Each structure stands twice: as structure tokens, then as C-alpha cells.
Amino acid sequence: RSLVVVHFWAPWAPQCVQMNEVMEALAKEHMQVTFVKLEAEAVPEVSEKYEISSVPTFLFFKNSQKVDRLDGAHAPELTKKVQRHASSTSISAASNDVAKEDLAVRLKKLINAAPCMLFMKGSPKEPRCGFSKQMVEILNKHGISFSSFDIFSDEEVRQGLKTYSNWPTYPQLYVAGELIGGLDIIKELEASGELDTVCPKACKLEDRLKTLINKAPVMLFMKGNKQVAKCGFSKQIIEIMNNTGIDYETFDILEDEEVRQGLKTYSNWPTYPQLYVKGELVGGLDIVKELKENGELLPALKGEN
């Protein structure tokens, strides 16, 4: 029932040797966790089964089930994952059902995060498999506007989406929340000339940002959302906003890297959260705090000053 961490490594890769040292240190700290080293090239059938395409890769097992994955030499992330899984207790069947339901809600939200969503290995700038690279090249060639999600960054999404969409491989392309398919399907659509009618054309980022900023009279761009803030500053601003009684909408900048980077330049404001009223930037947490202390926040949110 304890946690087992398997390191797929190669003796010729210096980053693997470095991560072995990290693993040894973690083993001393977490005596209840079993750490295993597997030379990836010496066990090709195992590497293939678990889609080990680069080293180092770490797989996490509990009760003989794979529960997580980490690709690459990220010592802080490995430490975090080991701590999280080592401390988490086995969940009951009832809470497992809730977890499944929560995952389905999360997957639906991710799929609908943009009109055209690509779930891939890596990012458009740095694809981490040949199929994902080809997919990005085709979409860019046709000037298609899309957002992406790196399935290597979240093992729960990676496994859950296969079941949710009944599509066993990546990349996966969704338009308006509906699965279009993988690379083969996209190639077929390109060959038949249907790709341009199926996928939305890229609108300028500036136009997209203007649309988002004006989506509601009061728009908050933050890390997370109203229900779950994902940084301390976002949490504080949500608490202040909720106490005003003013209706507002949020946009989670963690789910769209293009918006996250683009809005900093567009608004000339380098940090998040960012609050907009009627399409105009009010500011970040410090400004909102000042307005609150001066009694000016409510009029500002109503667009009175």
C-alpha cells in the first residue's frame, strides 16, 4: 500500500545521475517510500508500455496503480510530488466517486477553455513528441487560432481525458468542446480541404484580449477562479471583491499562456491579478486595497470614476 517511485534513467545522461542523487536524499527523508531505478533502454517493453520517451522520467505507483508521472529533471517538482503522495491516505470508494466527478467537471472546463483546444505533449513552442510537433505545424500553417494543454504537466488529466473522450492517444484536438480527433484525422481534414471550415481562424491576440476584457462590466484576470484562488494575491482580491456585493467575472490566466503573457504587454501591467471595469484597467491588488481604504472601490467598480 506504500508509495513506489520508479526512475527510468540512462547512465549516459548527466541529468539522470543528478536526479539519482536527489532520489537518494528523498529516500532518507521518506523511509516509507520505495525508490526504484530502471535503466530505460534495458527494459524496452516496459518503457514502451509506460510511454517513456525521454529520460529522466519518474512514475509513481500506489496499490500497484500508476497515480502520477514526472517527465524531466525537476528536483523541486519531484520532491513536491513525493511529499504529496507519501502523505495522502487511501481514499474511500465514496470519495473516489466524488474525485471522478470532479475530474469530469475539470476536463469539460479545460476542453472548453478556448474555441480550439489542443491537448499535446509539451507546448506549441517546445513539442515533446513528433506527432504533437506535426499537429502544431499543420494548425500554424493554416493560421488556426488554438490554445494548448501540456498533458505531461498533469497525469490526472492525461489519463482521465483518454477515458472521457474515448480516444487513447495524444495529441487530441477539440473545437467548441467537441473532439475532432488526433493527427491522422487532422491530416485527412487537411487533405480534403475541410480543416479550414472546421477550425476557427486566428484572430489577432489584441482583438481577443479586447473581447475578454469586455466580456463583463467587471472582469478579474487571476490565478484560479472565484471558487479556488491559486495564489495568495488572487485569494486576497477575491475576498475584497466578494465583500463589495458587485457582480464580476473571472478569467484563469493559468489555463491560457497566450492570454497570460499577452495581457501583460497589452495593459503594460506586469503582474496578476488585474482588475478591469468597462474595459479599462483599474490595477492589481495594491491599487484595489488603496481604493477600498479610501472608500473609492465601490464607485470605481460601478464605473463612476
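Parameters at a glance
Residues numbered from 1 in each chain as written. Predicted model: local features only at pLDDT ≥ 70, side-chain atom pairs only at ≥ 80, totals over all residues. Heavy atoms only, no water. Axes fitted to C-alpha atoms, helices over the stretch in contact; angles between N-to-C directions. Helix = DSSP H or I, 4+ residues; strand = E, 2+ residues; numbered from the N terminus. Parallel < 35°, antiparallel > 145°, perpendicular 65-115°, else oblique. Contact = heavy atoms within 4.5 Å. Nonpolar A, V, L, I, M, F, W, Y, C, P; charged D, E, K, R; others polar. Domains from an automatic or database assignment. Buried area = accessible area lost by both parts, 1.4 Å probe. Salt bridge = Lys/Arg side-chain N within 4 Å of Asp/Glu carboxyl O. Phe/Tyr/Trp six-rings, centres within 6.5 Å; stacked < 30°, edge-to-face > 60°. Buried < 20%, exposed > 50% of the residue type's maximum accessible area, 1.4 Å probe, protein only.

Topic: the packing of helix H9 (residues 205-213) against helix H11 (residues 257-267)
Where H9 contacts H11, the two axes come as close as 10 Å, and the packing angle between them is 90°. Judged on the interaxial angle alone, H11 and H9 are roughly perpendicular. Counted together, Leu205, Glu206, Arg208, Leu209, Lys210, Leu212 and Ile213 of H9 and Glu258, Val259, Gly262, Leu263 and Tyr266 of H11 form the full contact between these two elements. Here the residues of the contact of H9 with H11 are counted per class, giving seven nonpolar, one polar and four charged.

A look at the domain arrangement of the protein chain
Splitting the protein chain by domain gives domain 1 (3-87), domain 2 (96-198) and domain 3 (207-302). With centres defined by C-alpha atoms, the gap from domain 2 to domain 3 works out at 28 Å. At the interface, five residues of domain 2 touch four residues of domain 3. Taken together, the two surfaces of domain 2 and domain 3 that pack against each other cover about 440 Å², and 31% of this comes from carbon and sulfur. Contact with domain 3 buries surface across domain 2, with Lys109, Ala113 and Ser147 losing the most and accounting together for 65% of the total. Counting across the interface, domain 2 meets domain 3 through zero salt bridges. Tallied by class, the residues present in the side of domain 2 that touches domain 3 amount to three nonpolar, one polar and one charged.

As for the packing of aromatic side chains
The description of an aromatic ring pair rests on the distance of the ring centres and on the angle between the ring planes. For the coordinates displayed, the defined rule picks out five aromatic pairs. Between Phe119 and Tyr174, the aromatic rings sit 5.5 Å apart at their centres with planes inclined by 80°, giving edge-to-face as the arrangement. Of this pair, Phe119 sits in strand E5 (residues 116-120) while Tyr174 sits in strand E7 (residues 172-175); the two residues are 55 residues apart in sequence, bridging distant segments of the chain. By relative accessible area, which is 0% here, Phe119 ends up buried. Look at Tyr174 and you get buried, because its relative accessible area is 2%. With a centroid separation of 5.7 Å and an interplanar angle of 40°, the aromatic rings of Phe221 and Phe251 are classed as tilted.

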